[in-house]
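Residues per chain, in single letters:
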Amino acid sequence: MVELKNPLYANMSLSTQTLHASKHLLETPEVSPPIGVTTTFLYKKDSMEANNYGASQRYVYSREGRPNTTQVESTLSTAMEGHAVVFGSGLTAALAILLHFKPKKVAIGDSYFGIRRVLAQYSAVAGNVQVVSAECGYEGVDLVWLESPVNPTGEIKDISCYALRAHAAGAKLVVDATLAPPPLSYPFRQGADVVIHSASKYLGGHEDLLAGVVVSRGPAMAEDLRRTRSALGLGAGSLETWLLQRSLATLSVRVVQQAKTAARLVALLESFRRCAVSSACHVPSAADLALGRRLAAVRHASLQQVPCAEAQHPNGFGAVFSVYFASKTQALFVAKQLRLHAFATSLGGVHSLVDWRHAMDATSEPTMLRVSIGLESFDDLAADWRQALTALDAHECASKL
Ligand SMILES: *Cc1c(COP(=O)(O)O)cnc(C)c1O
(Lines give C-alpha, C1' and ligand atoms only; values in the text may rest on other atoms or scores of the structure.)
Protein backbone atom coordinates (compact mmCIF):
# COMPACT_ATOMS: atom_id res chain seq x y z
CA MET A 1 0.00 0.00 0.00
CA VAL A 2 1.33 3.44 -0.93
CA GLU A 3 1.16 6.34 1.50
CA LEU A 4 -0.25 9.19 -0.56
CA LYS A 5 -0.43 11.89 2.08
CA ASN A 6 2.80 13.84 1.83
CA PRO A 7 3.99 14.89 5.33
CA LEU A 8 6.56 17.32 3.87
CA TYR A 9 3.71 19.65 2.93
CA ALA A 10 1.40 19.08 5.91
CA ASN A 11 1.92 22.57 7.34
CA MET A 12 2.19 24.51 4.11
CA SER A 13 -0.49 26.64 2.46
CA LEU A 14 -3.17 25.06 0.31
CA SER A 15 -1.73 26.53 -2.91
CA THR A 16 1.72 25.13 -2.13
CA GLN A 17 0.16 21.74 -1.35
CA THR A 18 -1.89 21.57 -4.54
CA LEU A 19 1.12 22.62 -6.64
CA HIS A 20 3.76 20.40 -5.04
CA ALA A 21 2.39 17.58 -2.86
CA SER A 22 2.26 14.93 -5.60
CA LYS A 23 5.31 15.87 -7.66
CA HIS A 24 7.40 13.06 -6.12
CA LEU A 25 5.11 10.66 -8.00
CA LEU A 26 5.96 12.03 -11.46
CA GLU A 27 7.95 9.42 -13.34
CA THR A 28 8.94 11.70 -16.23
CA PRO A 29 10.66 15.12 -16.17
CA GLU A 30 7.55 17.19 -17.00
CA VAL A 31 6.80 20.07 -14.64
CA SER A 32 3.10 19.73 -15.38
CA PRO A 33 1.70 16.17 -15.03
CA PRO A 34 1.11 14.43 -18.37
CA ILE A 35 -2.22 12.74 -19.09
CA GLY A 36 -2.07 8.95 -19.39
CA VAL A 37 -4.86 7.31 -21.35
CA THR A 38 -3.73 3.68 -21.48
CA THR A 39 -6.15 1.14 -20.06
CA THR A 40 -3.52 -1.57 -19.78
CA PHE A 41 0.09 -1.68 -18.51
CA LEU A 42 2.91 -4.06 -19.46
CA TYR A 43 3.40 -6.97 -17.09
CA LYS A 44 6.75 -7.37 -15.44
CA LYS A 45 7.63 -10.67 -17.08
CA ASP A 46 9.81 -11.94 -14.24
CA SER A 47 7.00 -11.67 -11.70
CA MET A 48 4.32 -13.62 -13.56
CA GLU A 49 4.80 -16.99 -11.86
CA ALA A 50 2.32 -16.52 -9.04
CA ASN A 51 -1.20 -15.13 -9.04
CA ASN A 52 -0.06 -11.99 -7.21
CA TYR A 53 0.72 -9.35 -9.82
CA GLY A 54 -0.92 -6.70 -7.60
CA ALA A 55 1.87 -7.12 -5.08
CA SER A 56 4.68 -6.81 -7.58
CA GLN A 57 3.52 -3.97 -9.80
CA ARG A 58 1.42 -0.92 -9.12
CA TYR A 59 -0.42 -0.54 -12.42
CA VAL A 60 -2.02 -3.38 -14.38
CA TYR A 61 -5.40 -2.21 -15.67
CA SER A 62 -6.77 1.32 -15.37
CA ARG A 63 -10.05 0.35 -13.65
CA GLU A 64 -7.81 -0.53 -10.68
CA GLY A 65 -5.52 2.47 -10.86
CA ARG A 66 -3.43 4.72 -13.07
CA PRO A 67 -0.66 7.29 -12.43
CA ASN A 68 -3.01 10.31 -12.83
CA THR A 69 -5.36 8.88 -10.20
CA THR A 70 -2.51 8.26 -7.77
CA GLN A 71 -1.25 11.83 -8.29
CA VAL A 72 -4.57 13.53 -7.73
CA GLU A 73 -5.30 11.35 -4.70
CA SER A 74 -1.92 12.30 -3.27
CA THR A 75 -2.66 16.01 -3.75
CA LEU A 76 -6.14 15.68 -2.25
CA SER A 77 -4.96 13.54 0.69
CA THR A 78 -2.42 16.19 1.66
CA ALA A 79 -4.78 19.13 1.10
CA MET A 80 -7.74 17.50 2.88
CA GLU A 81 -5.85 16.05 5.86
CA GLY A 82 -6.91 12.45 5.24
CA HIS A 83 -6.85 9.61 2.72
CA ALA A 84 -8.58 10.56 -0.53
CA VAL A 85 -10.16 8.21 -3.07
CA VAL A 86 -11.49 9.61 -6.37
CA PHE A 87 -14.71 8.38 -8.01
CA GLY A 88 -16.56 9.05 -11.26
CA SER A 89 -19.07 11.46 -9.63
CA GLY A 90 -20.14 12.78 -6.24
CA LEU A 91 -23.05 10.34 -6.17
CA THR A 92 -20.83 7.34 -7.00
CA ALA A 93 -18.63 8.44 -4.11
CA ALA A 94 -21.73 8.52 -1.86
CA LEU A 95 -22.68 4.99 -2.95
CA ALA A 96 -19.17 3.76 -2.11
CA ILE A 97 -19.48 5.17 1.42
CA LEU A 98 -22.78 3.30 1.92
CA LEU A 99 -21.25 0.09 0.58
CA HIS A 100 -18.37 0.51 3.03
CA PHE A 101 -20.42 1.09 6.20
CA LYS A 102 -23.47 -0.99 5.16
CA PRO A 103 -25.71 1.02 7.54
CA LYS A 104 -29.12 -0.26 8.65
CA LYS A 105 -30.32 3.10 9.98
CA VAL A 106 -29.21 6.42 8.52
CA ALA A 107 -29.93 9.87 9.95
CA ILE A 108 -29.78 12.51 7.25
CA GLY A 109 -29.94 16.30 7.48
CA ASP A 110 -31.03 18.84 4.85
CA SER A 111 -29.18 17.77 1.75
CA TYR A 112 -28.80 17.63 -2.00
CA PHE A 113 -31.74 15.60 -3.36
CA GLY A 114 -29.46 13.24 -5.31
CA ILE A 115 -28.05 11.85 -2.05
CA ARG A 116 -31.54 10.72 -1.05
CA ARG A 117 -31.89 8.94 -4.36
CA VAL A 118 -28.61 7.09 -3.77
CA LEU A 119 -29.89 6.10 -0.31
CA ALA A 120 -33.10 4.79 -1.91
CA GLN A 121 -31.13 2.72 -4.44
CA TYR A 122 -28.89 1.34 -1.71
CA SER A 123 -31.90 0.57 0.45
CA ALA A 124 -33.63 -1.28 -2.44
CA VAL A 125 -30.64 -3.64 -2.62
CA ALA A 126 -29.62 -3.81 1.06
CA GLY A 127 -33.25 -4.16 2.16
CA ASN A 128 -35.06 -2.35 4.90
CA VAL A 129 -32.73 0.57 5.57
CA GLN A 130 -34.38 3.05 7.89
CA VAL A 131 -33.87 6.72 7.06
CA VAL A 132 -34.58 9.28 9.78
CA SER A 133 -33.96 12.99 10.30
CA ALA A 134 -30.55 14.10 11.58
CA GLU A 135 -32.39 16.64 13.74
CA CYS A 136 -34.02 13.89 15.89
CA GLY A 137 -32.66 11.18 18.24
CA TYR A 138 -29.91 8.82 17.04
CA GLU A 139 -31.02 5.63 18.77
CA GLY A 140 -29.98 2.64 16.64
CA VAL A 141 -28.47 4.95 13.99
CA ASP A 142 -25.19 3.72 12.47
CA LEU A 143 -24.53 6.55 10.05
CA VAL A 144 -25.24 10.29 10.25
CA TRP A 145 -25.11 12.11 6.90
CA LEU A 146 -24.66 15.85 7.22
CA GLU A 147 -24.25 18.50 4.57
CA SER A 148 -22.56 21.76 5.52
CA PRO A 149 -22.96 24.27 3.97
CA VAL A 150 -26.35 23.03 2.84
CA ASN A 151 -27.27 22.86 -0.83
CA PRO A 152 -29.26 24.97 -1.86
CA THR A 153 -29.40 27.59 0.91
CA GLY A 154 -25.67 28.01 1.58
CA GLU A 155 -26.31 27.98 5.34
CA ILE A 156 -24.03 26.02 7.69
CA LYS A 157 -24.57 23.41 10.40
CA ASP A 158 -22.50 23.11 13.58
CA ILE A 159 -20.49 19.99 12.65
CA SER A 160 -18.98 19.45 16.15
CA CYS A 161 -22.44 19.25 17.60
CA TYR A 162 -23.52 16.48 15.19
CA ALA A 163 -20.18 14.69 15.73
CA LEU A 164 -20.72 14.59 19.49
CA ARG A 165 -24.25 13.26 19.12
CA ALA A 166 -23.29 10.71 16.46
CA HIS A 167 -20.34 9.37 18.44
CA ALA A 168 -22.37 9.16 21.66
CA ALA A 169 -24.78 6.88 19.76
CA GLY A 170 -21.93 4.80 18.30
CA ALA A 171 -22.61 6.16 14.78
CA LYS A 172 -20.16 7.48 12.17
CA LEU A 173 -20.47 11.03 10.88
CA VAL A 174 -20.17 11.67 7.13
CA VAL A 175 -19.91 15.34 6.12
CA ASP A 176 -20.67 16.41 2.57
CA ALA A 177 -18.54 19.55 2.33
CA THR A 178 -19.00 20.07 -1.42
CA LEU A 179 -20.09 23.69 -0.89
CA ALA A 180 -17.01 24.61 1.17
CA PRO A 181 -13.81 22.87 0.01
CA PRO A 182 -10.43 23.72 1.53
CA PRO A 183 -9.38 26.37 2.47
CA LEU A 184 -12.97 27.28 3.46
CA SER A 185 -13.59 24.26 5.70
CA TYR A 186 -11.84 21.18 7.12
CA PRO A 187 -14.58 18.99 8.66
CA PHE A 188 -12.14 16.48 10.25
CA ARG A 189 -11.19 19.29 12.66
CA GLN A 190 -14.80 19.32 13.92
CA GLY A 191 -14.96 15.53 14.37
CA ALA A 192 -16.21 14.20 11.02
CA ASP A 193 -15.24 10.55 10.37
CA VAL A 194 -15.52 10.79 6.58
CA VAL A 195 -15.63 13.80 4.25
CA ILE A 196 -17.18 13.68 0.79
CA HIS A 197 -17.01 16.21 -2.05
CA SER A 198 -18.62 16.37 -5.45
CA ALA A 199 -15.46 17.28 -7.35
CA SER A 200 -17.73 18.33 -10.23
CA LYS A 201 -18.22 21.57 -8.27
CA TYR A 202 -15.38 23.63 -6.70
CA LEU A 203 -12.57 21.07 -6.95
CA GLY A 204 -13.02 20.78 -10.72
CA GLY A 205 -14.22 24.37 -10.76
CA HIS A 206 -14.65 24.97 -14.50
CA GLU A 207 -17.97 23.22 -15.28
CA ASP A 208 -16.11 20.65 -17.38
CA LEU A 209 -15.64 17.48 -15.35
CA LEU A 210 -17.66 15.02 -13.27
CA ALA A 211 -15.92 13.39 -10.31
CA GLY A 212 -16.29 12.73 -6.60
CA VAL A 213 -13.90 12.36 -3.66
CA VAL A 214 -14.20 10.44 -0.40
CA VAL A 215 -11.67 11.32 2.29
CA SER A 216 -11.27 8.98 5.25
CA ARG A 217 -9.28 9.57 8.42
CA GLY A 218 -7.30 6.35 8.12
CA PRO A 219 -5.78 4.32 5.27
CA ALA A 220 -7.82 1.14 5.86
CA MET A 221 -11.13 2.64 4.77
CA ALA A 222 -9.44 4.18 1.70
CA GLU A 223 -8.12 0.73 0.72
CA ASP A 224 -11.60 -0.76 1.07
CA LEU A 225 -13.08 2.06 -1.05
CA ARG A 226 -10.47 1.37 -3.76
CA ARG A 227 -11.40 -2.32 -3.76
CA THR A 228 -15.07 -1.37 -4.25
CA ARG A 229 -14.11 1.09 -6.97
CA SER A 230 -12.13 -1.59 -8.84
CA ALA A 231 -14.78 -4.25 -8.39
CA LEU A 232 -17.62 -2.06 -9.69
CA GLY A 233 -15.74 0.23 -12.08
CA LEU A 234 -16.72 3.39 -10.21
CA GLY A 235 -13.62 5.44 -11.06
CA ALA A 236 -13.26 8.69 -13.01
CA GLY A 237 -11.97 8.74 -16.60
CA SER A 238 -8.43 9.74 -17.53
CA LEU A 239 -9.33 13.19 -18.91
CA GLU A 240 -11.45 14.02 -15.86
CA THR A 241 -8.73 12.88 -13.47
CA TRP A 242 -6.11 14.96 -15.27
CA LEU A 243 -8.41 18.02 -15.43
CA LEU A 244 -9.03 17.67 -11.70
CA GLN A 245 -5.29 17.71 -10.94
CA ARG A 246 -4.89 20.75 -13.16
CA SER A 247 -7.80 22.57 -11.47
CA LEU A 248 -6.55 21.94 -7.94
CA ALA A 249 -3.53 24.17 -8.65
CA THR A 250 -5.85 27.21 -8.57
CA LEU A 251 -8.36 25.94 -5.99
CA SER A 252 -7.24 28.23 -3.20
CA VAL A 253 -7.31 31.49 -5.18
CA ARG A 254 -10.55 30.58 -6.93
CA VAL A 255 -12.66 29.68 -3.94
CA VAL A 256 -11.41 32.40 -1.61
CA GLN A 257 -12.18 35.01 -4.29
CA GLN A 258 -15.57 33.45 -5.14
CA ALA A 259 -16.49 33.34 -1.44
CA LYS A 260 -15.53 37.01 -0.94
CA THR A 261 -17.60 38.18 -3.90
CA ALA A 262 -20.56 36.05 -2.77
CA ALA A 263 -20.48 37.47 0.78
CA ARG A 264 -20.45 41.04 -0.61
CA LEU A 265 -23.38 40.30 -2.94
CA VAL A 266 -25.35 38.68 -0.12
CA ALA A 267 -24.78 41.79 2.01
CA LEU A 268 -25.90 44.04 -0.87
CA LEU A 269 -29.07 42.06 -1.64
CA GLU A 270 -29.91 41.83 2.06
CA SER A 271 -29.48 45.63 2.34
CA PHE A 272 -31.94 46.09 -0.56
CA ARG A 273 -34.44 43.79 1.16
CA ARG A 274 -34.12 45.47 4.56
CA CYS A 275 -34.53 48.96 3.13
CA ALA A 276 -37.77 47.95 1.50
CA VAL A 277 -39.23 47.00 4.89
CA SER A 278 -37.62 49.58 7.18
CA SER A 279 -36.72 53.23 6.93
CA ALA A 280 -33.74 52.85 9.29
CA CYS A 281 -31.31 51.51 6.73
CA HIS A 282 -28.46 52.42 4.45
CA VAL A 283 -28.74 51.70 0.75
CA PRO A 284 -25.85 52.56 -1.51
CA SER A 285 -28.02 54.98 -3.54
CA ALA A 286 -31.57 56.34 -3.82
CA ALA A 287 -32.01 54.38 -7.05
CA ASP A 288 -31.52 51.21 -5.03
CA LEU A 289 -34.56 51.89 -2.83
CA ALA A 290 -37.03 50.06 -5.06
CA LEU A 291 -34.78 47.07 -5.60
CA GLY A 292 -35.62 45.14 -2.45
CA ARG A 293 -39.39 45.34 -2.79
CA ARG A 294 -39.75 41.88 -4.32
CA LEU A 295 -37.10 40.13 -2.22
CA ALA A 296 -38.72 37.93 0.43
CA ALA A 297 -35.47 36.59 1.93
CA VAL A 298 -31.77 36.08 1.31
CA ARG A 299 -30.11 33.06 2.91
CA HIS A 300 -26.38 32.38 3.34
CA ALA A 301 -24.00 31.44 6.14
CA SER A 302 -22.82 35.07 6.40
CA LEU A 303 -26.32 36.10 7.58
CA GLN A 304 -26.68 33.30 10.14
CA GLN A 305 -24.78 34.48 13.25
CA VAL A 306 -23.94 31.00 14.57
CA PRO A 307 -21.19 30.52 17.18
CA CYS A 308 -19.40 27.78 15.20
CA ALA A 309 -18.92 29.99 12.13
CA GLU A 310 -15.41 31.24 12.78
CA ALA A 311 -13.86 27.94 13.83
CA GLN A 312 -15.56 26.01 11.05
CA HIS A 313 -14.82 28.56 8.31
CA PRO A 314 -11.39 30.09 8.88
CA ASN A 315 -11.24 31.53 5.34
CA GLY A 316 -14.79 32.44 4.44
CA PHE A 317 -18.10 30.73 3.70
CA GLY A 318 -19.08 29.15 0.42
CA ALA A 319 -20.04 31.07 -2.72
CA VAL A 320 -23.56 29.59 -2.93
CA PHE A 321 -26.56 31.44 -1.51
CA SER A 322 -30.31 31.52 -2.06
CA VAL A 323 -32.76 34.31 -2.81
CA TYR A 324 -36.51 34.03 -2.17
CA PHE A 325 -39.21 36.06 -3.92
CA ALA A 326 -42.94 36.51 -3.24
CA SER A 327 -43.91 34.26 -6.14
CA LYS A 328 -42.60 31.61 -8.49
CA THR A 329 -43.23 33.96 -11.45
CA GLN A 330 -40.96 36.60 -9.92
CA ALA A 331 -38.21 34.06 -9.26
CA LEU A 332 -38.33 32.82 -12.86
CA PHE A 333 -38.44 36.38 -14.21
CA VAL A 334 -35.21 37.25 -12.40
CA ALA A 335 -33.48 33.98 -13.38
CA LYS A 336 -34.16 34.77 -17.06
CA GLN A 337 -33.35 38.48 -16.70
CA LEU A 338 -29.86 38.05 -15.20
CA ARG A 339 -27.19 38.26 -17.91
CA LEU A 340 -23.90 37.42 -16.19
CA HIS A 341 -25.42 34.59 -14.14
CA ALA A 342 -26.01 31.73 -16.55
CA PHE A 343 -29.45 30.14 -16.04
CA ALA A 344 -28.24 26.58 -15.51
CA THR A 345 -27.87 24.01 -12.77
CA SER A 346 -24.67 23.11 -10.88
CA LEU A 347 -22.43 25.31 -8.76
CA GLY A 348 -18.86 25.99 -7.70
CA GLY A 349 -17.37 26.83 -11.08
CA VAL A 350 -15.75 29.96 -12.48
CA HIS A 351 -18.99 31.05 -14.18
CA SER A 352 -21.73 32.50 -12.00
CA LEU A 353 -24.91 30.43 -12.26
CA VAL A 354 -28.49 30.83 -11.15
CA ASP A 355 -30.79 27.82 -10.79
CA TRP A 356 -34.49 27.35 -10.14
CA ARG A 357 -34.13 24.20 -8.04
CA HIS A 358 -37.84 23.43 -8.05
CA ALA A 359 -37.55 22.22 -11.67
CA MET A 360 -35.33 19.36 -10.51
CA ASP A 361 -36.29 18.85 -6.89
CA ALA A 362 -40.02 19.09 -6.07
CA THR A 363 -39.23 19.60 -2.36
CA SER A 364 -37.36 22.81 -3.18
CA GLU A 365 -39.46 25.96 -2.83
CA PRO A 366 -40.71 27.34 -6.18
CA THR A 367 -40.07 30.94 -5.03
CA MET A 368 -36.35 30.30 -4.51
CA LEU A 369 -33.34 30.79 -6.75
CA ARG A 370 -29.97 29.22 -5.93
CA VAL A 371 -27.05 31.42 -6.86
CA SER A 372 -23.46 30.23 -7.33
CA ILE A 373 -20.87 32.97 -7.66
CA GLY A 374 -17.95 32.55 -10.04
CA LEU A 375 -14.98 34.75 -10.86
CA GLU A 376 -16.70 37.74 -12.48
CA SER A 377 -16.05 40.94 -10.51
CA PHE A 378 -18.30 42.05 -7.68
CA ASP A 379 -19.12 45.32 -9.47
CA ASP A 380 -20.25 43.58 -12.65
CA LEU A 381 -22.36 41.02 -10.77
CA ALA A 382 -23.90 43.73 -8.56
CA ALA A 383 -24.84 45.71 -11.68
CA ASP A 384 -26.41 42.55 -13.11
CA TRP A 385 -28.59 42.14 -9.98
CA ARG A 386 -29.53 45.83 -10.09
CA GLN A 387 -30.72 45.60 -13.69
CA ALA A 388 -32.62 42.36 -13.07
CA LEU A 389 -34.37 43.68 -9.94
CA THR A 390 -35.14 47.01 -11.64
CA ALA A 391 -36.69 45.12 -14.56
CA LEU A 392 -38.71 42.97 -12.15
CA ASP A 393 -40.01 46.03 -10.32
CA ALA A 394 -40.97 47.72 -13.60
CA HIS A 395 -42.64 44.54 -14.83
CA GLU A 396 -44.65 44.10 -11.62
CA CYS A 397 -45.73 47.76 -11.59
CA ALA A 398 -46.74 47.67 -15.27
CA SER A 399 -48.79 44.50 -14.80
CA LYS A 400 -50.70 46.10 -11.91
CA LEU A 401 -51.94 49.06 -14.00
C1 LIG B 1 -23.66 18.09 -6.84
C2 LIG B 1 -23.67 17.56 -5.47
C3 LIG B 1 -23.55 16.19 -5.25
C4 LIG B 1 -23.50 15.18 -6.38
O5 LIG B 1 -22.33 15.25 -7.09
P6 LIG B 1 -22.19 14.80 -8.63
O7 LIG B 1 -20.76 15.03 -8.90
O8 LIG B 1 -23.10 15.69 -9.43
O9 LIG B 1 -22.60 13.37 -8.70
C10 LIG B 1 -23.50 15.73 -3.94
N11 LIG B 1 -23.59 16.60 -2.90
C12 LIG B 1 -23.72 17.93 -3.08
C13 LIG B 1 -23.82 18.82 -1.90
C14 LIG B 1 -23.77 18.45 -4.37
O15 LIG B 1 -23.91 19.78 -4.53
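Residues numbered from 1 in each chain as written. Predicted model: local features only at pLDDT ≥ 70, side-chain atom pairs only at ≥ 80, totals over all residues. Heavy atoms only, no water.

## Considering the pattern of salt bridges
Counted by the stated rule, this structure contains 14 salt bridges. Among the ionic pairs, Glu223 bridges to Arg226, the shortest N-O distance being 3.0 Å. With a gap of 3 residues between them, Glu223 and Arg226 both fall in helix H7 (residues 219-232), about one helical turn apart. Of the residues examined, Glu223 reaches a relative accessible area of 24% and is grouped as partly exposed. One salt bridge connects Arg357 with Asp355, and the closest N-O pair in it is separated by 2.8 Å. Classification of Arg357 by relative accessible area gives buried; the value is 3%. By sharing partners, the salt bridges in this structure join Glu73, Glu223, Arg226 and Arg229 into a single network. (Salt bridge = Lys/Arg side-chain N within 4 Å of Asp/Glu carboxyl O. Helix = DSSP H or I, 4+ residues; strand = E, 2+ residues; numbered from the N terminus. Buried < 20%, exposed > 50% of the residue type's maximum accessible area, 1.4 Å probe, protein only.)

## Considerations on the site of the ligand
Close to the ligand lie 13 residues; Gly90, Asp176, Ser198, Ser200 and Lys201 are nearest. Separating an oxygen atom of the ligand from a side-chain N or O atom of Ser200 is a distance of 2.6 Å. Coverage of the ligand by the protein amounts to 93% of the 380 Å² it exposes when considered alone. A class-by-class count of the residues in the shell around the ligand yields 4 nonpolar, 6 polar and 3 charged. (Near = heavy atom within 4 Å. Polar contact = N/O pair within 3.5 Å; in protein donor to acceptor, adjacent residues only side chain to side chain. Areas by Shrake-Rupley, 256 points an atom, 1.4 Å probe, with all protein chains shown as cover. Nonpolar A, V, L, I, M, F, W, Y, C, P; charged D, E, K, R; others polar.)

## Some details on the UniProt feature "modified residue: N6-(pyridoxal phosphate)lysine" (unreviewed entry) in the protein chain
Feature annotation in UniProt places "modified residue: N6-(pyridoxal phosphate)lysine" (unreviewed entry) on Lys201, given in this structure's numbering. Here Lys201 lies in the loop between strand S6 (194-198) and strand S7 (212-216). Look at Lys201 and you get buried, because its relative accessible area is 12%. Excluding anything up to four places from it in sequence, Lys201 contacts Thr178, Ser346, Leu347 and Gly348. (UniProt positions renumbered as here; feature names shortened; annotations may be inferred. Contact = heavy atoms within 4.5 Å.)

## What about the nonpolar core?
One finds Leu76 and Leu244 to be the most contacted residues of the largest nonpolar core, which totals 73 residues. Ranked by residues supplied to this core, first place goes to helix H9 (residues 251-277) with 9 residues. Split by domain, the residues of this core number at least three in each of domain 1 (7-249) and domain 2 (252-399). Each residue touching Leu244, except ones within four places of it in the same chain, is listed here: Val72, Leu76, Val86, Ala199, Leu203, Gly204, Leu209 and Ala211. Counting 24 residues, the second largest nonpolar core, distinct from the first, contains Ile97, Ile108, Leu119 and Ile196. (Core = buried A, V, L, I, M, F, W, Y, C linked by side-chain atoms within 4.5 Å. Domains from an automatic or database assignment.)

## Thoughts on the domain arrangement of the protein chain
Splitting the protein chain by domain gives domain 1 (7-249) and domain 2 (252-399). Taken over C-alpha atoms, the centre of domain 1 sits 30 Å from the centre of domain 2. Around 2800 Å² of area is buried between domain 1 and domain 2 when both sides are counted, 57% of it from carbon and sulfur atoms. Among the residues domain 1 hides against domain 2, the three largest losses belong to Ile156, Leu184 and Tyr202. Together they make up 26% of the total. (Buried area = accessible area lost by both parts, 1.4 Å probe.)

## What to know about the environment of Tyr186
Tracing the backbone through its elements, the reader meets Tyr186 in the loop between strand S5 (172-176) and S6. Classification of Tyr186 as buried rests on a relative accessible area of 13%. Residues Tyr186 and Val354 lie 168 residues apart in sequence; the distance between their C-alpha atoms is 27 Å. Among residues more than four places away in sequence, those in contact with Tyr186 are Ala79 and Glu81.

## Things to note about the sheet that holds strand S9 (residues 320-325)
Spatially, 5 strands are ordered S8-S9-S12-S11-S10 in an open sheet, and the strand pairing comes out mixed. Looking at strand neighbours, the two that pair on one side only are strand S8 (295-299) and strand S10 (342-343), the edges of this open sheet. Looking at chain direction, strand S11 (residues 353-355) and strand S12 (residues 368-372) are connected through 3 bridges and run antiparallel. Bridge pairing in S12 links Leu353 to Ser372. The strands touched by helix H11 (residues 328-337) within the sheet are S9, S10, S11 and S12, with S12 carrying the most contacts at an inclination of about 30°. (Pairing = 2+ DSSP bridges. Axes fitted to C-alpha atoms, helices over the stretch in contact; angles between N-to-C directions.)

## A look at the environment of Arg294
Along the chain, the position of Arg294 falls in the loop between H9 and S8. Take Arg294: its relative accessible area is 14%, and that puts it in the buried class. Each C-alpha atom of the pair Arg294 and Lys201 lies 30 Å from the other, and the pair is 93 residues apart in sequence. Beyond its immediate chain neighbours, meaning those up to four positions away, Arg294 contacts Tyr324, Phe325, Ala326, Gln330, Leu392, Asp393, Glu396, Cys397 and Lys400.

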